[in-house]
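Next come the chains, spelled out residue by residue.
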Amino acid sequence: MKKEIKVAYEEFAGIDELAATEKYLCLEAVKALGNSHSPYSKFRVGVAMRLKSGKIIYGSNQENVAYPSGLCAERVALFHWGANHPDDTIVSMAITAHTDEFELLHPTAPCGSCLQVIAEYEKNQDSPIDIILYCQKGPIWKTTGVHNFLPFLFFEDRLK
């Protein structure tokens with residue numbers, strides 16, 4: 001039996017095509033880049049998450065000389081939310097990246113580990129998250145729900 005999985009996303013040519021709240025969130029993600037600790041990869045990632053209350057949560061990638069000890073920007077923001085605001089639903093998140101080493105011409109997507117964490121939080125809050133991938137010098141991609149990035153999510157309800 002052959003089955004097919006489709007991915008749905010919107011593409012925008014620039015930030016001015018976004019709704020005001022989405023544009024604001026993208027610009028806040030750019031601000032989060034300033035707190036990135038990425039002396040090894042020189043690849044900074046910033047995240048801004050908007051909660052139902054309107055509060056903005058920030059995250060930036062945090063590297064460490066012992067490479068596995070670092071953490072991606074998305075998980076920094078998500079774990080901060082889980083520890084401090086778990087009852088305030090995550091509505092949307094904007095993710096952006098920058099490096100002085102080369103020009104980024106396409107959006108940067110979260111890694112598989114971050115996608116899995118997003119998936120679990122979506123499931124726990126019983127609500128998908130709007131995810132905006134903001135390329136500052138290229139297209140912007142927007143989708144609702146992590147399943148568009150990771151269609152075969154790992155869930156085992158009996159583990160709870």
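To start, this report covers the structure provided alongside it.

Definitions and cut-offs
- Residues numbered from 1 in each chain as written.
- Predicted model: local features only at pLDDT ≥ 70, side-chain atom pairs only at ≥ 80, totals over all residues.
- Heavy atoms only, no water.
- Pairing = 2+ DSSP bridges.
- Helix = DSSP H or I, 4+ residues; strand = E, 2+ residues; numbered from the N terminus.
- Buried < 20%, exposed > 50% of the residue type's maximum accessible area, 1.4 Å probe, protein only.
- Right-handed = clockwise from strand over helix to strand, strands pointing away.
- Salt bridge = Lys/Arg side-chain N within 4 Å of Asp/Glu carboxyl O.

Further remarks concern the pairing of strand 6 (residues 140-144). On a regular strand, each side chain points to the face opposite its neighbour's, so the side chains alternate between the two faces of the sheet. Of the pairings in the sheet, the one linking strand 1 (residues 10-12) to strand 6 comprises three bridges and is antiparallel in character. Paired with glutamate 11 across the strands is tryptophan 141, a residue of strand 6. In the sheet, strand 5 (residues 130-134) pairs with strand 6 via five bridges, with the strands oriented antiparallel. By the bridge assignment, tyrosine 134 is partnered in strand 6 with isoleucine 140. What sits between the antiparallel neighbours strand 5 and strand 6 is a turn of five residues.

This next bit is on the pairing of strand 5. Burial within strand 5 is extensive, with four of its five residues counted as buried. Relative to strand 5, strand 4 (residues 90-99) runs parallel, the two being bridged by five bridges. Counted as the bridge partner of alanine 94 is isoleucine 132 from strand 5. For the crossover that starts at strand 4, traverses helix 3 (residues 112-125) and ends in the parallel strand 5, the hand is right-handed.

Counting across every chain of the model gives four salt bridges. Across the pair glutamate 22 and lysine 142 runs a salt bridge, and its minimum N-O distance is 2.4 Å. Taken together, the positions of glutamate 22 in helix 1 (residues 20-32) and lysine 142 in strand 6 put the pair 120 residues apart, joining distant regions of the chain. For the pair formed by glutamate 22 and lysine 142, the shared burial category is buried. Measuring nitrogen to oxygen at the nearest pair gives 3.9 Å for the salt bridge that ties lysine 137 to glutamate 103. Residue lysine 137 is found in the loop between strand 5 and strand 6, and its partner glutamate 103 is found in the loop between strand 4 and helix 3; the two are separated by 34 residues along the sequence.

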